[in-house]
Amino acid sequence: MTVDADEAWFFDKDAGHLVRPYAITNGRTGPVRDGFALITLVVTADPRTDTSRLTPEPAAILDLCRERPLAVAEIAATMDLPVSVVKVLLDDLAEARMILTRAPVQLAEAPDIALIRAVIEGVRRL
């Protein structure tokens with residue numbers, strides 16, 4: 001992760017973030033809504049959004065998702081933050097209508113078990 005000079009006060013190259021996760025989320029341990037799976041895609045709602053008045057982490061999320069959608073897991077990995085912290089931050093950004101999300105597609109019905117077994121048997125024969 002590249003750290004700007006303005007952000008250097010809370011990041012140490014060897015130790016990582018020096019700000020505790022509960023400080024980043026204002027003490028919250030989970031998002032209000034339960035719609036953020038690891039593969040939920042996130043994109044900045046308006047690429048022209050001014051992030052200068054936001055705290056560093058939400059601003060970084062908006063900057064990351066400005067060009068293309070990223071999965072929640074990708075955002076957490078890029079920012080080197082726990083997924084639970086990123087979900088709380090995304091919840092705040094969604095409530096402020098600063099991001100758009102796309103949840104993973106849910107299958108209407110479970111796949112046919114017989115078909116799955118047939119595929120496994122076919123792979124074993126290879």
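Residues numbered from 1 in each chain as written. Predicted model: local features only at pLDDT ≥ 70, side-chain atom pairs only at ≥ 80, totals over all residues. Heavy atoms only, no water.

### A word on the overall build of the chain
- In terms of helices and strands, the chain carries five helices and five strands.
- Secondary structure elements in the chain, listed N-terminal to C-terminal, are β-β-α-β-α-β-α-α-β-α.
- Counting across all 126 residues of the chain, residues that qualify as buried make up 29%.
- Here the analysis covers contacts within the chain between residues at least 6 apart in sequence; of these, 63% occur between residues at least 24 apart. (Helix = DSSP H or I, 4+ residues; strand = E, 2+ residues; numbered from the N terminus. Buried < 20%, exposed > 50% of the residue type's maximum accessible area, 1.4 Å probe, protein only. Contact = heavy atoms within 4.5 Å.)

### Some details on the pattern of salt bridges
- Applying the stated criterion to the full structure yields three salt bridges.
- The salt bridge involving arginine 66 is made with aspartate 63; its shortest N-O contact spans 2.6 Å.
- Since its relative accessible area comes to 19%, arginine 66 is described here as buried.
- Take aspartate 63: its relative accessible area is 42%, and that puts it in the partly exposed class. (Salt bridge = Lys/Arg side-chain N within 4 Å of Asp/Glu carboxyl O.)

### With respect to the packing of helix 2 (residues 56–64) against helix 3 (residues 72–79)
- At their nearest, the axes of helix 2 and helix 3 sit 11 Å apart, and the two run at 120° to each other. The orientation of helix 2 relative to helix 3 falls into the category oblique. Here helix 2 runs over helix 3; the crossing is right-handed. Two secondary-structure elements touch here, helix 2 through Glu57, Ala60, Ile61 and Leu64 and helix 3 through Ile75, Thr78 and Met79.
- Classifying every residue of the contact of helix 2 with helix 3 by side-chain character gives five nonpolar, one polar and one charged. (Axes fitted to C-alpha atoms, helices over the stretch in contact; angles between N-to-C directions. Parallel < 35°, antiparallel > 145°, perpendicular 65-115°, else oblique. Left-handed = near helix turned anticlockwise from the far one by under 90°. Nonpolar A, V, L, I, M, F, W, Y, C, P; charged D, E, K, R; others polar.)

### Re the packing of helix 2 against helix 4 (residues 83–95)
- Put simply, helix 2 and helix 4 touch, their axes get as near as 10 Å, and they point 75° apart. If you check the angle between helix 2 and helix 4, you find them roughly perpendicular. Counting all contacts with helix 2, which are made through Glu57, Pro58, Ile61 and Leu62, the residues of helix 4 involved are Leu89, Leu90 and Leu93.
- For the contact of helix 2 with helix 4, a count of residues per class yields six nonpolar, no polar and one charged.

### Quick look at the side chain of threonine 40
- Within the fold, threonine 40 resides in the loop between helix 1 (21–24) and strand 3 (41–44).
- A polar side-chain atom of threonine 40 sits 2.9 Å from the main-chain amide nitrogen of alanine 37.
- The contacts of threonine 40, once residues within four sequence positions are left out, are Gly35, Leu70, Ala71, Val72, Thr101, Arg102, Ala103 and Pro104. (Polar contact = N/O pair within 3.5 Å; in protein donor to acceptor, adjacent residues only side chain to side chain.)

### Some points on a nonpolar patch on the surface
- A cluster of nonpolar side chains, Leu115, Val119, Val123 and Leu126, forms an exposed patch at the surface whose accessible area comes to about 460 Å².
- Take valine 123: it is sitting in helix 5 (residues 113–125). (Patch = residues over 30% accessible without salt bridge, like charges linked within 9 Å, V, L, I, M, F, W, Y side chains within 5 Å. Areas by Shrake-Rupley, 256 points an atom, 1.4 Å probe, with all protein chains shown as cover.)

### Focus on the sheet that holds strand 5 (residues 99–102)
- The three strands lie next to each other as 4-3-5, forming an open sheet whose pairing is antiparallel. What marks the edges here is a single partner per strand, and that holds for strand 4 (70–71) and strand 5.
- Note: strand 3 against strand 4, two bridges, orientation antiparallel. From the neighbouring strand, valine 42 faces strand 4, where its bridge partner is leucine 70. (Pairing = 2+ DSSP bridges.)

### Looking at helix 5
- The end-to-end C-alpha separation of helix 5 is 18 Å, in line with the 18 Å expected for 13 residues at 1.5 Å each.
- Capping the start of helix 5 is the job of one residue whose side-chain oxygen sits 3.3 Å from the backbone nitrogen of alanine 114: aspartate 112. (Expected span 1.5 Å × (residues − 1).)

Taken by themselves, the reported measurements are silent on function.
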